[in-house]
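Examining the three-dimensional arrangement
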Amino acid sequence: MMAARLIQLCDTVGTLYMMNNKQELIQYYRWLRQYGLNDSHSGNASIRDNDTIWVTPTGACADTLHEDQLVACYLDGHTGEGASLDAPLHIQVYQANPQANAVLHSHGPHTVALTLNGEDFQPIDFEGQYYFQTVPVINIDYQDYVTQAPARVAAKLAEQPITVVRGHGVYAQAASLNLAYKWTCSLELSAKTAFIARLAGKA
Ligand SMILES: [Zn+2]
């Protein structure tokens, strides 16, 4: 079992090694959509290449996005024309956390639903507790989102792999796209598990 998983992992890493960074970003953004963590046009994603940050464009469709449509932004705060409205947030995450090379934003429905109470989320399953212990939930009035979200999300992601903005979605940072994707998927599965446990009257 372990050997099979290892071979599968090597295969995946090998395939991704052949891609350039921008192709890899497109692939992960598409997977977020494909596996139910975003809808066709929600969420956004970025990677850092030294002082350049490649960000998905505003209104990007995950099903059709091409690497030529990614928008160059910069660590000094400059955002390229047509970048996601969250581009300033991505930049501030990289400014606050020099270890971050990738940022993914998604709308995992179980995570968003279970954190509507505004309280930090504590996974009940073994793996969720092992990875996160507690996932911070940021409360921002919807009308203040654009002005407050960048600094508040960046402050959390300077110390944590992942955070939730109440009623909106999930932001994850990591040294690689694959790891940011892992945090995103793990949190959503933990939230789904907690949701099912509550429905079953077990939690
Ligand atoms: Zn969003």
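To be clear, the structure that these remarks concern was listed above.
In short, a report on the structure. Keep in mind that what you see is a predicted model, and the values were worked out from it rather than measured. (Residues numbered from 1 in each chain as written. Predicted model: local features only at pLDDT ≥ 70, side-chain atom pairs only at ≥ 80, totals over all residues.)

As a further point, take the overall build of the chain. What the chain contains, in helices and strands, is 7 helices and 7 strands. Along the chain direction, N to C, the helices and strands of the chain fall in the order α-α-β-β-β-α-β-α-α-β-α-β-β-α. Here the C-alpha radius of gyration of the chain, 17 Å, is about what a compact globule of 203 residues would show, namely 17 Å. Seen through its C-alpha atoms, the chain measures out along the principal axes to roughly 50 × 50 × 30 Å. With 203 residues in all, the chain has 39% of them scored as buried. (Helix = DSSP H or I, 4+ residues; strand = E, 2+ residues; numbered from the N terminus. Rg over C-alpha atoms; globule rule 2.2 N^0.38 Å. Buried ≥ 20, exposed ≤ 12 C-beta atoms within 10 Å, placed from the backbone.)

Structurally, Ser42 can be placed in the loop between helix H2 (21-34) and strand E1 (44-49). Along the backbone, Ser42 and Ala60 are 18 residues apart, and their C-alpha atoms lie at a distance of 7.7 Å.

Moving on to the nonpolar core. Counting residues in hydrophobic clusters, the biggest one holds 47 residues, and the most contacted among them are Leu25, Leu104 and Ala180. Per element, the largest residue contribution to this core is 7 residues, and it comes from helix H7 (residues 177-199). Not counting residues within four places of it along the chain, the set of residues in contact with Ala180 comprises Ala102, Val103, Leu104, Ala172, Gln173 and Ala174. (Core = buried A, V, L, I, M, F, W, Y, C linked by C-beta atoms within 7 Å. Contact = placed C-beta atoms within 7 Å.)

Attention now moves to the environment of Ser46. By the secondary structure assignment, Ser46 is in strand E1. When the C-alpha atoms of Ser46 and Tyr29 are compared, they prove to be 9.1 Å apart, with 17 residues separating the residues in sequence. Ignoring sequence-local partners within four residues, the contact set of Ser46 consists of Ile53, Trp54, Val55, His90 and Val103.

Once that is clear, we can look at helix H6 (residues 145-157). With 13 residues, H6 extends 17 Å from end C-alpha to end C-alpha; this agrees with the ideal 18 Å at 1.5 Å per step. Among all positions of H6, only Ala149, Pro150, Val153, Ala154, Lys156 and Leu157 are buried. Across the axial projection of H6, the buried residues extend over an arc of 160°, all falling on one side. In H6, the exposed positions angled more than 90 degrees off the buried face are occupied by Thr147 and Ala151. Where H6 is buried, its residues meet helix H3 (87-96), strand E5 (137-138), strand E6 (162-165) and strand E7 (169-174). (Expected span 1.5 Å × (residues − 1). Arc of directions from axis to C-beta.)

Once that is clear, we can look at the sheet that holds E6. Taking strand neighbours across the sheet as the criterion, the 7 strands line up as E3-E2-E1-E4-E7-E6-E5 in an open arrangement whose pairing is mixed. Unpaired on one side and paired on the other, strand E3 (71-74) and E5 mark the two borders of the sheet. Note: strand E4 (residues 102-106) against E7, 5 bridges, orientation antiparallel. Pairing of Val103 across the sheet is with Gln173, part of E7. Along the sheet face, H6 touches E5, E6 and E7 and points at about 150° away from the line of E6. Here H7 sits on the sheet in contact with E1, E4, E6 and E7, set at roughly 145° to E7. (Pairing = 2+ DSSP bridges. Axes fitted to C-alpha atoms, helices over the stretch in contact; angles between N-to-C directions.)

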